[in-house]
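Next come the chains, spelled out residue by residue.
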Amino acid sequence: QVQLVESGGGLVQPGGSLVLSCAASGSIFSINSMGWYRQAPGKQRELAAAITSGGSTNYADSVKGRFTISRDNAKNTVYLQMNSLKPEDTAVYYCNQRVRDGRTWQMYDYWGQGTQVTVSS
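Asks: Help me out: how do you make sense of the pattern of salt bridges in this one?
Replies: Charged atoms that come close allow side chains of opposite charge to pair. Per the stated rule, a full pass over the model turns up 5 salt bridges. As a salt-bridge pair, R66 and D89 come within 2.7 Å of each other at their nearest N and O atoms. Of this pair, R66 sits in the loop between strand 6 (57–59) and strand 7 (67–72) while D89 sits in the loop between strand 8 (77–82) and strand 9 (91–101), and the two are 23 residues apart along the sequence. As a salt-bridge pair, D109 and R98 come within 2.9 Å of each other at their nearest N and O atoms. A residue pair is termed long-range when its members are at least 10 positions apart, and D109 in strand 10 (residues 107–111) and R98 in strand 9 qualify at 11 residues. By relative accessible area, which is 38% here, D109 ends up partly exposed. In this structure R98 comes out as partly exposed when scored by relative accessible area, which is 36%. One connected set of salt bridges, linked through shared partners, spans R38, E46, R66 and D89.

Written out as structure tokens, the structure reads:
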């Protein structure tokens, strides 16, 4: 139906930057909101950043001012620019896209496979 593929994770030093991307493909009529969730070791999964179809953004307090979420609707892609990375940002990052299916007309939340971000010196 719809598949999300994430890329851009890896190992980075504290203070460094990383960009994640997540591209959706399949029976997509439209995409409403997009977001990035993360799950750190021993912690609950949390919403790091989200962006609506109109471009409004929301960030977790822990990443506010350091992360920037953006979207390219033509490419069905959401990005997460991560700056001033801290060790506590270490987590598996999961992309989420709320998609209206082009065949069923239903709204579904689709998830990427997750990508590991490790911030360590």
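Asks: Is there a simple way to explain the state of the cysteines in this structure?
Replies: One covalent bond between the sulfur atoms of two cysteine residues makes up a disulfide. Here the structure, examined in full by the defined rule, presents 1 disulfide. The disulfide that involves C22 links it to C95, with 2.1 Å between the sulfurs. For the disulfide bridge between C22 and C95, the dihedral angle about the S-S bond is near -80°, and by the sign convention the bridge is left-handed. Taken together, the residues C22 in strand 3 (residues 18–26) and C95 in strand 9 connect sequence positions 73 residues apart.

Here is what the cut-offs are and how they apply
Residues numbered from 1 in each chain as written. Predicted model: local features only at pLDDT ≥ 70, side-chain atom pairs only at ≥ 80, totals over all residues. Heavy atoms only, no water. Salt bridge = Lys/Arg side-chain N within 4 Å of Asp/Glu carboxyl O. Helix = DSSP H or I, 4+ residues; strand = E, 2+ residues; numbered from the N terminus. Buried < 20%, exposed > 50% of the residue type's maximum accessible area, 1.4 Å probe, protein only. Disulfide = S-S within 2.5 Å.

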